Amino acid sequence: MEMNSSNLWVFIETNEKGQAHNVGLELLNPGHSLSRAQGDEVVAIVIGQHTEAAVASAEAYGSDRIIIVEGEEYARYSTDAFAYAFHALITKYAPTSILIGATDLGRDLAPRLACRLKTGLTADCTELDFDEESGNIAWTRPAFGGNLMARILCPNHRPQIGTVRPAVFKKPEQDTSHKAEIVREEIHFSIENIRTKLIEEILDADNETIDLEGAEIIVSGGRGVGGPDGFKVIQQLADALGGTVGASRVAVDSGWISSAHQVGQTGKTVRPRIYIACGISGAIQHLAAMSSSDTIIAINTDPEAPIFKIADYGIVGDLFKVIPEFIALIDEQILTMAV
Amino acid sequence: MNILICVKQVPDTTEIKVDPVTNTLMRAGVPSIVNPFDACALETAARIKDETPDTKIVIVSMGPEQAKVALTECLAVGADRAYLISGRGFGGSDTLATSYILSCAVRKLEELEGKFDIIFCGKQAIDGDTAQVGPELAEHLGLAQVTCALEAKTNGNTVQVRRKTERGSEILGVEMPCLITMTKTAYEPRYASSRKKREVAKQEIPTLDENSFEIDLTRAGLKGSPTKVKKTFTIPQNSTGVIFHEATERQSTISLFELLVKGNILQLGVRYGNE
Amino acid sequence: MNLTNNDIKDMTQSIKDGDIYNTVYNCRCCGSCVSTWPSGHRCSLSTLAQGVQINCRGLNGVIKNIKEGKIDFSSELADYVFRCVSCHVCVENCSEFVNPVDYIHDIRMQLVERGLVPDSIMEVFKSIDQNGNVWGEKEDKRVDWTTGLNVPLANEGAEFDYLLFVGDSSAYVPRNQKTAQLFVQILNKLGIRFAILGNEERSSGNEALKMGEAGLFEDLATTNMESFAKYKVKKIIALSPHGYDALKNEYPKLDQNFDIEVLHYTEFLAKLIEEGVLTFTKAVNETVTYHDPCYLGRHNQIYDQPRAILAAIPGLNLVEMDHNKAYSICCGGGGGGIWMQRGEGVVVEQLRYKEALETGVETLVIACPICMQMFEGENENNKTNPIEIKDIIELVFEAL
């Protein structure tokens, strides 16, 4: 592999329908700033059975070039087929850097790939920048449950690879007139050689409707909510604001609400316009996953709760008293406007 | 059946706090625990053993001598054998180097304990949170992998694994030998009672070092690690927010609401909510 | 909990084989065990299962069915046995010597050894293992409550006649710390030579034992007994009936040479009153009712001493609840109950609390830190019309 190879690759993860997962499109954003710093191009990698929709998105969100691998063996993700195809592409083109979304899929694929290439991989990055001094990407990621941030370099190996959590970056501006160079590669992997066979798929009933990562307003509940009944109050506020219900790890672990609602290091990372934390003390794991929200509002009985340290606004008080008042004020305002 | 479980002793990160003055981690007095995802892996293996009684469960951990405490805990809840991998040349390893060392050790363990049908790892360790060592170990050993498993049951020569996906879960069939990384299971890991811990305390836990098995030491430790930590830092948390703590919740709520509307955070005239 | 087939098979077999379960055949389903209650079923085990109210009496039937091979042990049953608050009222009332508390304890011990423990209880075990107390607090904060008070430490060479065994709840829970602080002031006023073990004190082990962690109890008891030997302890005053029960009744089972006089503080104070050492100068003009803690009353037959103290306080008027002494209703906190979920239907602590309210007195008097926490918890749910809750120690201090 030539060491002076250039180009930054972004893996565009696709779903069953062949559409691009948001995280891949989001990564085109830092992809651009990093590749510009190095005078390189941003290349989108799309692997799937039908890739038109994803390719169109990758183009509109500003990829300079798109490399497509199509085949029926890629209809569903498998470690074996995807690692094979991706590895073949890397061997051929020798990119400098690769960004992959830290989704369940990305976290399955990236380490397999990095190990096959004997190169470095940095997981779950929350910040990417160009380290001028060494000419490497500086990958910043949380460790110790978000208590510590580490800035990591991969100086002597290429490609340098990192995974990035969904919603850490915003998608670039969409431009449907933008054109990318399209490259098709014929790489095939025998279906029989895929060692994991799908037996059954079980879809979560409510997972489809809960989109924390895309939510504009999130109302989250924690220990202070006290139980499943308390979450009805959280839901009422979310409904009144047209928001989505989130939850801390304690609430999910206690079985008060399903894990699809969990915001935190082991749940989802979110960056809504408004985040309202109710009865959440603010364990660092939680803070790390919601601190980039535009406006944070905290309601907690404990004035010393860490959540108040990062909140833009807060009320020290009982959430069961505050929320009904808050809803009443919203209703009142709507009534006023209607007159 | 022969099952290997890779476990790590980790500080209980939920107990770690940041010193508000120096902005450094306060690690003193933080208890060390078996990585919770590894405990789920052990419980899953114990459940397989339950169904297939002639199953042997071997535990391996890479870490300092003190990690034997974690291994003892695993022995107390049903593991049969435990090994510690510890060596000067292994310190400072990143995930690629760690998985390489583990892969060399696994080959040695297979000489001692027989071929492993399933290797379990926790999805990730709660201190590093990388979720890389499992898949990288699978790659080194050329094994099929299933990550983020919620459940695993054996059926003849295959393992049926329920795996978490973005949309729910899927059941995959994979032939043994294979490597499975476990996420939090629906069932709780077993408690290691004091009597059980006392019983297994006498059991010998052999330590394997760089001389115990074949390994290319240039691929281990700091020099074998492609990634380098340039610096670590904590995020300072300074309160700049407007916090209301008035006589009644009602007064606080009114003050907050007015401020939100004034600041255009809640827009006047916008009809919020789903009817 | 989620038991495996093996767990179920083994548990079923051990119940079939275990002699301790044979007493269920004595059960004639007369209902005496729950008959003393005002109405309905009040056992902490009470729950609705498939529309049928189950309690300790129902459990006898379940065990009988397991013994006869009609049903197997189950995950539900494993959760269920951890609901018993070991109040002992069923044992007290049974004329046929059926002892559900004993066999429930046996089932718990077996489940714990199999590693099957409800989450909330597992947290407590881990806390005891790591910190030596049930409250998840740091070991070195055990003496924080003594700040500013004259409380001699045994390891600082204090000469003492009595070792004060403080207990986790009095050492760490703020409401009970206040009581402990008053108690040492009383001791100092009376010139009693006492000391505490300080940070060397470990949880008495009562909770660990009753929740089925016998090994952990052995560890704690051994450590505490080593401290007693090191400081040549002859007499102990225990603040909590739970610690008292462990020290008085369980420690001697582990060490036959255990030769320490163990007193609950109510026994100690009653004795001082009798001897004329403790006299009261101030009147406490209050009408109160007294709640018998299970581990003081039914477990150790200490009914009279607390009442003797109350009777000696000038101005104090005691009104008994309908259910008192051996028929007292539990606060719901014993045997690990303070950490366990309740079943559907009437909750034992609510029932007791209501009974106290119905006496119309100003103050509910207790002699146990766990009872204090349980009833203060009920007060939290009843902010409009709470009842004042006082430890006997607080009344004694007021009257001094």
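Residues numbered from 1 in each chain as written. Chains lettered and ligands numbered in written order. Predicted model: local features only at pLDDT ≥ 70, side-chain atom pairs only at ≥ 80, totals over all residues. Heavy atoms only, no water.

Draft legend 1. Region of interest: the overall build of chain B. When its secondary structure is counted, chain B shows six helices and 15 strands. Computed over the C-alpha atoms, the radius of gyration of chain B is 24 Å, more than 25% above the 19 Å expected from 2.2 N^0.38 for a compact globule of 275 residues. Principal axes of the C-alpha set define a box for chain B whose edges measure 70 × 45 × 40 Å. Within chain B, the fraction of its 275 residues that count as buried is 55%. Taking as baseline every contact in chain B between residues at least 6 positions apart, the subset at least 24 positions apart corresponds to 69%. Accessible surface, chain B as shown: approximately 11,900 Å² in total, 51% of it carbon and sulfur. Placing the 33 positive and 35 negative side-chain charges of chain B at their respective mean positions leaves the two points 2 Å apart. (Helix = DSSP H or I, 4+ residues; strand = E, 2+ residues; numbered from the N terminus. Rg over C-alpha atoms; globule rule 2.2 N^0.38 Å. Buried < 20%, exposed > 50% of the residue type's maximum accessible area, 1.4 Å probe, protein only. Contact = heavy atoms within 4.5 Å. Areas by Shrake-Rupley, 256 points an atom, 1.4 Å probe, with all protein chains shown as cover. Lys, Arg positive; Asp, Glu negative; His and termini not counted. Charge placed at Lys NZ, Arg CZ, Asp CG, Glu CD.)

Draft legend 2. Representation of the pattern of salt bridges in the model. Scanning all chains against the criterion turns up 60 salt bridges over all chains. Of the charged contacts in the structure, one is a salt bridge between E185 of chain A and K92 of chain A, with a shortest N-O distance of 3.0 Å. Here E185 of chain A, found in strand β10 (residues 181-185), pairs with K92 of chain A, found in helix α3 (residues 79-93); they are 93 residues apart in sequence, far enough to count as distant. K92 of chain A gets classed as exposed once you look at its relative accessible area, which sits at 54%. Note that E398 of chain C and K390 of chain C form a salt bridge whose closest N and O atoms lie 3.0 Å from each other. (Salt bridge = Lys/Arg side-chain N within 4 Å of Asp/Glu carboxyl O.)

Draft legend 3. Quick look at the arrangement of the chains. The protein chains that touch form two pairs of chains, and the pair with the most contacts between them is chains A and B. In this view chain A stays clear of chain C, with the nearest C-alpha atoms of the two still 10 Å from each other.

Draft legend 4. Quick look at the UniProt feature "domain: Electron transfer flavoprotein alpha/beta-subunit N-terminal" (unreviewed entry) in chain A. Following the UniProt record, one finds the feature "domain: Electron transfer flavoprotein alpha/beta-subunit N-terminal" (unreviewed entry) at residues 8-198 of chain A. Within the segment residues 8-198 of chain A, helix and strand shares are 28% and 31% respectively, and the terminal C-alpha atoms sit 33 Å apart. (UniProt positions renumbered as here; feature names shortened; annotations may be inferred.)

Draft legend 5. Local environment of the nonpolar core. Residue and element names in this part refer to chain C. Core analysis: the largest hydrophobic core is formed by 67 residues, its most contacted members being F183, F228 and F268. With six residues, helix α9 (residues 174-189) is the single largest residue contributor to this core. The residues touching F268, leaving out its near neighbours within four places in the chain, are Y162, F183, L187, I192, I237 and L263. Counting residues in hydrophobic clusters, the runner-up holds 44 residues, among them V24, I66, F82 and C90. (Core = buried A, V, L, I, M, F, W, Y, C linked by side-chain atoms within 4.5 Å.)

Draft legend 6. Representation of the sheet that holds strand β10 (residues 158-165) of chain B. Spatial ordering of the open sheet is given by β11(A)-β11(B)-β10(B)-β9(B)-β12(B)-β8(B)-β1(B)-β6(B)-β7(B)-β13(B), a layout of ten strands whose pairing is mixed. Both outer strands of the open sheet, β11 (196-203) of chain A together with β13 (207-208) of chain B, are each paired with one neighbouring strand and no more. For strand β9 (residues 144-155) of chain B and β10 of chain B, the ladder comprises six bridges, and the chain directions are antiparallel. If you follow T154 of chain B over to β10 of chain B, its bridge partner there is V159 of chain B. Its contacts with the sheet put helix α2 (residues 68-76) of chain B on β1 (2-7), β6 (56-62), β7 (81-85) and β13 of chain B, and the angle it makes with β7 of chain B is roughly 165 degrees. Most of the contacts of helix α4 (residues 133-141) of chain B go to strand β12 (residues 178-182) of chain B, to which it runs at about 175 degrees, and overall it touches β1, β8 (118-122), β9 and β12 of chain B. (Pairing = 2+ DSSP bridges. Axes fitted to C-alpha atoms, helices over the stretch in contact; angles between N-to-C directions.)

Draft legend 7. Local environment of the packing of α3 of chain A against helix α4 (residues 104-117) of chain A. Residues and elements named next belong to chain A. At their nearest, the axes of α3 and α4 sit 10 Å apart, and the two run at 50 degrees to each other. On the basis of their axis angle, the class for α3 and α4 is oblique. Crossing hand, α3 versus α4: right-handed. For the pair formed by α3 and α4, the contact residues are T79, F82, A83, Y84, F86, H87 and I90 on the first element and D108, L109, R112, L113, R116 and L117 on the second. Here the residues of the contact of α3 with α4 are counted per class, giving eight nonpolar, two polar and three charged. (Parallel < 35°, antiparallel > 145°, perpendicular 65-115°, else oblique. Left-handed = near helix turned anticlockwise from the far one by under 90°. Nonpolar A, V, L, I, M, F, W, Y, C, P; charged D, E, K, R; others polar.)

Draft legend 8. Broad picture of the domain arrangement of chain A. Residues and elements named next belong to chain A. Assigned domains within chain A: domain 1 (8-193) and domain 2 (217-338). Here domain 1 and domain 2 have C-alpha centroids that lie 33 Å from each other. Taken together, the ten residues of domain 1 in the interface contact nine residues of domain 2. The largest share of the area that domain 1 buries against domain 2 comes from G145, R165 and A167, three residues that together contribute 52% of it. Along the contact surface separating domain 1 from domain 2 lie zero salt bridges. (Domains from an automatic or database assignment. Buried area = accessible area lost by both parts, 1.4 Å probe.)

Draft legend 9. View of helix α14 (residues 304-312) of chain C. Residues and elements named next belong to chain C. Among all positions of α14, only P306, R307, I309 and L310 are buried. Looking straight down α14, one finds that the buried residues subtend no more than 155 degrees of arc, so they occupy a single side. Those residues of α14 that are exposed and aimed more than 90 degrees away from the buried face are D304 and A311. The inward-facing, buried residues of α14 contact α13 (265-274), β7 (287-290), β8 (317-318), β9 (363-366) and α17 (392-399). (Arc of directions from axis to C-beta.)

Draft legend 10. Broad picture of the interface of chain B and chain A. In this assembly, 85 residues from chain B lie in contact with 85 residues from chain A. Counting every contact that joins chain B to chain A gives eight salt bridges. K230 of chain B serves as the salt-bridge partner of D131 of chain A, at 3.1 Å between the closest nitrogen and oxygen. Summed over the shared surface of chain B and chain A, the number is 29 residue pairs in polar contact (both at pLDDT 80 or more). Those elements giving two or more residues to the side of chain B that touches chain A turn out to be α4, β9, β10, β11 (168-175), β14 (228-233), β15 (242-244) and α6 (249-262) of chain B. For the side of chain B that touches chain A, the per-class residue count stands at 35 nonpolar, 30 polar and 20 charged. (Polar contact = N/O pair within 3.5 Å; in protein donor to acceptor, adjacent residues only side chain to side chain.)

Draft legend 11. Fine view of the environment of K8 of chain B. Residue and element names in this part refer to chain B. Within the element layout of this structure, K8 appears in the loop between β1 and β2 (9-11). Residue class for K8 comes out partly exposed when judged on its relative accessible area of 33%. For the pair formed by K8 and A39, sequence separation is 31 residues and the distance between their alpha carbons is 9.6 Å. For K8, the residues in contact, after removing those within four places along its chain, are I33, V34, N35, D38, S61, A125 and D127. Engagement of the side chain of K8 in a polar contact is seen with the side chain of D127, the distance being 3.2 Å.

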